[in-house]
Each structure stands twice: as structure tokens, then as C-alpha cells.
Amino acid sequence: GCARDWDGLTCWPRATFGEVVKVPCPRFFEEITHIHGSFLQRNCTQDAYWSEPFPPYTIACGFDEGSSKDPEDQKSYYSAFWRVYTAGYAASVTSLITALIVFAAFRKFHCTRNYIHMHLFVSFILRAIAVFTKDAVLFADENMDHCLMSTVACKAAVAFFQFSILANFFWLLIEGIYLQTLLLLTFVSDKQYVWWFIFTGWGAPTAVMVAWVLTRIHQQNTGCWDDEENGVVLWIIKGPILLTVLINFIIFINVIRILVHKLKSQERGGSHSSHFVRLAKSTLLLIPLFGVHYIVFAFFPESTGLEARLYIELGLGSFQGFVVALLYCFSNAEVQSELKKQLCKWKYQEYLNFTHKHGTLSRENSPVNYVTQLSLLEKISPKRKTSVYQNGVTSV
């Protein structure tokens, strides 16, 4: 029969002599033409060669060769997009690591709120590393045969990628739950919740990933586990993510409601414009922290709004870690004050070291020092006094 074949666009499965294989059009054609449900066919000939696809890609997938948006244009578009999200994740990793160092270095910032922020930062860092790893393992070589590629390394890269996404969503949820707890409960012991938060933030994604990997091995152990998943395998990952997004969205709405109530009670008889500005600022701060922007496509099929989904989930999502680090570390007045104090302390210490070092040398070599020493000699030396007196008389 005919072996698996990767024609550069589609993976054709193994077939027996005379068998006609039918596969759907590649997904990126659907994004270009907005035509769904089209199929291609190939025949496994008696000579164990695959026939050409029929109808051809241009006809079967509804692609017009005269179109201004040809596959090469689309390829350059995705290449530019890859550069954008790579830059976004790189900026996020750099800023998040810096924010982690700041929170860890200063004892003043060692509190439950910042511990949760630090775990969220780590989840964003893992997500960025997972994206880089997946791109390096799966897409580094353009000539790679995606039909035959099914190594442990590529499966591990995809599994790590899925885990990082799950962990990121769970820590976004924990941020929301913690803020809700602070707003609703006035007197609450932070320490009793910390370990529960840590256990949930890392334990739940680990449990989901173990279930997903086992299901993949036994039910759909194909390729690098990056192909389209069947119902059960898909919902093992997608179900918990949708649940965290939905709960966080409900918490977000409730937190905004509480903030409106608190601001109204604080500003009775005050300026409505000031109230609106503070509310808008609080809302904008909460959106990246809660990941509320993911609700836009959370309950739509994967093929819906593919281009917009790319912009939101990859383009904007790649910079989410940078925005979170900026808002909750570098723009924080407490952090800025502490960094300024530390900077002043370092400068003052350097100044003291400089003055001590150069002050000692200058005192030893100063002309004033010589004059002082001579005057002291004059005071304590009788002979010196007599000599000077005699010189004075002679000159008169």
C-alpha cells in the first residue's frame, strides 16, 4: 500500500492499493476563503504511488488563484505574526523575572497578596517558555514531515504547553478569588488560605494533565498530540479552562459591582466624573489580572473568528504577562518608594566609601597638613623659637 505522506499542506494517512482517501481542506484555507466543510481526495495506485489530489486544492478548497491573498502572502502574514508574539513573550518573561526578583528581594513585600502575584508571574513565565519550546521542537524545520513525526520530545513539548496554559488560567482564577475574599471578608487570616491557593493553582492543572496524557496514550496517540482532538480528549483540557474563565468573569462582574458601591459611598456629593475615572481605572486594572478578555471566544468553536482569535489570544495574550508585571509591580507606589529608598541607600553608601577612601589620602598629602605639622613643631621646639627670634633681631 501507500505510506503516510506529507504534501506540504496536508497529512495523508496510510492506504491500501486502490483505496481512495478523503481528508478535509487545511484550516488556514478556511480562514482565507471562509468556506467550510470542503474535502480533498487521493487514490493509492497499484504502483504504490499517491495520485495528485482531486479536485486540486484551488478548486476543492475554494481558493481563487487570482486572489490577492495567496498562500505566500498568508505565510508572510503568519511569519510577521510569529515575530510579534515572540517579542511579546520575550518582553513578558524579562519583566516578570525582574518583578519576581523585586518581590523576593525586599522583605517588606513578603505577604499573601504578593505571594499569589509571584505564582501568577511564574505561570506566565512557564507559558512563554512553553510557547518557545513548542515552536523550537515542532516548527524549527520547514521541511519536517509532520505525518511521521511522533517523538517523545515533541509530545512532551505539547504536554508542557497544555500544562502551562492550564496553570496560567488557574492562577488567574485564584487572583480573582483572593480579591473577592478581601472585598467580602473584613477580618480574614491570609496565612490559612496560602497553602490552599498553592495546592489548587498547581495541583489542579497537574491532575488534569495526568488525565489528558493517559487519555491521549490510550485513545488518540497520534502525531505529536497537536492534531485535532476528539470530543473526550478535547474537553479534558477545554472544560477546566472554560470553567475558570466563566467563574472569573462572574467574580469580575461582582467585584466591579462592589467597587461601584464603595466608590459611591465614599464620594457622596462629590464629582461624578472623578468617580467614573476611578471606576474605569479599576476596571482596566482588573481585566488583565482576571484574564477577562478570554471570555470573548471562550464558548465559540475553534474555527470561529480565527484571525481575531489570533490577535486576542496570541498577539495581546503574549503581552499579558508584561502588562500584569507593569501594573502590579513597577507601577505600584509601594514598590516605587521602596526601590527609591534602596537606590538612595546604595548611592549614600557609595558616597561614604568614596569619601572615606579619598579623604584618607587627601589628609595625608594635603599642604594644610604640612603647615599644621610645622606650626606644631614651632610650638614644642625651644631651639626653633630662639633661632627665629635671633633671625628677627638681625634683620632689624
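Residues take numbers from 1 onward in each chain, read along the sequence in its written order. Whole-chain, interface and lining totals are the exception, using all residues; otherwise, since this is a predicted model, local features are given only for residues with pLDDT of at least 70 and side-chain atom pairs are given and counted only at 80 or more. Just so you know, side-chain values use all the structure's heavy atoms and leave hydrogens and water out.

Worth spelling out the cut-off: UniProt positions are given in the numbering used here, feature names are shortened, and annotations may be inferred rather than shown by experiment.
Per an unreviewed UniProt entry, the protein goes by the name VIPR1 protein and belongs to Caloenas nicobarica. Entered under Subcellular location (unreviewed entry) in the UniProt record, the comment concerning the protein runs "Cell membrane". Here the protein is described in UniProt, under the heading Sequence similarities (unreviewed entry), as follows: "Belongs to the G-protein coupled receptor 2 family."

## Re the packing of aromatic side chains
The condition is simple: Aromatic rings from Phe, Tyr and Trp, taking only the six-membered ring of Trp, are treated as a pair when their centres fall within 6.5 Å; an angle between ring planes under 30 degrees marks them as stacked, one over 60 as edge-to-face, and anything in between as tilted. Runs of H or I in DSSP of at least four residues are treated as helices and runs of E of at least two as strands, each being numbered from the N terminus. Under the scheme applied here, a residue whose accessible area is under 20% of the maximum for its type counts as buried, over 50% as exposed, and between as partly exposed, the area being computed with a 1.4 Å probe on protein chains only.
As enumerated under the stated definition, the model contains nine aromatic pairs in all. Between Phe103 and Phe121 the ring centres are 5.9 Å apart and the planes differ by 5°, which places this aromatic pair in the stacked class. One end of the pair, Phe103, is in helix H3 (residues 71–105); the other, Phe121, is in helix H4 (residues 112–138), with 18 residues separating them in the sequence. You'll find Phe103 and Phe121 in the same group, each marked buried.

## Describing the environment of Leu179
The residue Leu179 is located in helix H5 (residues 152–184) in this model. For the pair Leu179 and Val255, spaced 76 residues apart in sequence, the C-alpha to C-alpha distance is 8.0 Å.

## Overview of the pairing of strand S4 (residues 39–43)
Put simply, side chains in a regular strand alternate between the two faces of the sheet. Let me state the cut-off plainly: Pairing between strands is defined by DSSP: at least two bridges between them are needed.
Only one face of S4 is buried: it carries Leu40 and Arg42, and the other face, with Phe39, Gln41 and Asn43, is open. By the bridge criterion, five bridges tie strand S3 (residues 20–24) to S4 in an arrangement that is antiparallel. Bridge pairing in S4 links Pro24 to Phe39.

## Overview of the nonpolar core
We count it as follows: Residues grouped as a nonpolar core are buried Ala, Val, Leu, Ile, Met, Phe, Trp, Tyr and Cys residues, joined through side-chain atoms within 4.5 Å. The contact criterion used throughout is that any non-hydrogen atoms of two residues lie within 4.5 Å.
Counting 52 residues, the largest nonpolar core has Phe103, Phe121, Leu166, Met209, Trp212, Ile237 and Ile241 as its most contacted members. Elements that contribute at least two residues to this core include exactly H3, H4, H5, helix H6 (191–219), helix H7 (231–266) and helix H10 (320–330). Element by element, the count of residues in this core is highest for H5, at 14 residues. Setting aside anything within four residues of it in sequence, one finds Ile241 in contact with Ile165, Leu166 and Phe169. Listed in part, the 12 residues of the second largest apolar core include Leu40, Trp50, Tyr57 and Cys61.

## A closer look at empty space enclosed by the protein
Rules: Think of a 1 Å grid over just the protein atoms. A cavity is a set of points where a 1.4 Å probe fits yet cannot get out, a pocket is an open set with protein on both sides within 12 Å along at least five of seven lines, and lining residues have an atom within 4 Å of a point. Grid points are joined across faces, edges and corners, and a volume is the space filled by probe spheres set on the points. In the scheme used here, Gly and all other residues not listed as nonpolar or charged are polar, with Ala, Val, Leu, Ile, Met, Phe, Trp, Tyr, Cys and Pro taken as nonpolar and Asp, Glu, Lys and Arg as charged.
All told, the structure shown has one cavity of 30 Å³ or more when counted by the stated rule. Reported here for the largest cavity is a volume of approximately 30 Å³. Taken together, Thr112, Tyr115, Ile116, His119, Val194, Phe197 and Ile198 make up the lining of the largest cavity. Elements with a minimum of two residues in the lining of the largest cavity: H4 and H6. Top element by residues in the lining of the largest cavity is H4. It accounts for four residues. Grouping the amino acids of the lining of the largest cavity by side-chain chemistry returns five nonpolar, two polar and no charged.

## Section: the pattern of salt bridges
One side chain can pair with another of opposite charge once the charged atoms of both are near each other. The cut-off we apply is this: In what follows, salt bridge is the name for a side-chain nitrogen of Lys or Arg lying within 4 Å of a carboxyl oxygen of Asp or Glu.
Counting across every chain of the model gives three salt bridges. For Glu338, the salt bridge identified is with Lys108, shortest N-O distance 3.5 Å. Here Glu338, found in helix H11 (residues 333–365), pairs with Lys108, found in the loop between H3 and H4; they are 230 residues apart in sequence, far enough to count as distant. A salt bridge links Glu334 to Arg113, with the nearest nitrogen and oxygen atoms 3.7 Å apart. Here Glu334, found in helix H11, pairs with Arg113, found in helix H4; they are 221 residues apart in sequence, far enough to count as distant. Looking at Glu334, the relative accessible area reads 35%, which means it is partly exposed. What makes Arg113 partly exposed here is its relative accessible area of 33%.

## Describing the side chain of Lys155
What counts, and what does not: In protein, a polar contact means a hydrogen-donor-capable atom and an acceptor-capable atom, both N or O and within 3.5 Å, with residues adjacent in sequence counting only if both atoms are side-chain atoms; elsewhere, any N or O pair within 3.5 Å suffices.
Structurally, the position occupied by Lys155 is in helix H5. Given the relative accessible area of 14%, Lys155 is considered buried. Here the side chain of Lys155 touches Asn221 through a polar contact of 2.8 Å, side chain to side chain. When neighbours within four sequence positions are excluded, Lys155 is seen to be in contact with Ser150, Asn221, Gly223, Cys224 and Trp225.

## Concerning the UniProt feature "transmembrane region" (unreviewed entry) in the protein
Summarizing the sequence annotation, UniProt attributes the feature "transmembrane region" (unreviewed entry) to residues 87–106, 118–140, 160–186, 193–215, 235–259, 279–300 and 312–331 in the numbering used throughout. As a span, residues 87–106 carries 95% helix and 0% strand, and end to end its C-alpha atoms are 29 Å apart. Overall, residues 193–215 shows 100% helix and 0% strand. The separation of its end C-alpha atoms is 33 Å.

## Some details on the state of the cysteines
Which entries qualify depends on this criterion: Throughout, disulfides are identified as pairs of cysteine sulfur atoms within 2.5 Å of each other.
On inspection of all chains with the given rule, the structure shows two disulfides. Each disulfide pairs two cysteine sulfurs, and for Cys2 the partner residue is Cys44, the sulfurs being separated by 2.1 Å. The sign of the 95° torsion about the S-S bond sets the Cys2-Cys44 disulfide as right-handed. Taken as a pair, Cys2 in the segment before strand S1 (5–6) and Cys44 in the loop between S4 and helix H2 (57–60) lie far apart in primary sequence, 42 residues in all. Judged by its relative accessible area of 0%, Cys44 falls in the buried class. The disulfide that involves Cys154 links it to Cys224, with 1.9 Å between the sulfurs. Residues Cys154 and Cys224 are joined through a disulfide that is left-handed, its torsion about the S-S bond being -90°. Note that Cys154 is positioned in helix H5 and Cys224 in the loop between H6 and H7, a separation of 70 residues in sequence. Exposure class is identical for Cys154 and Cys224. Each is buried.

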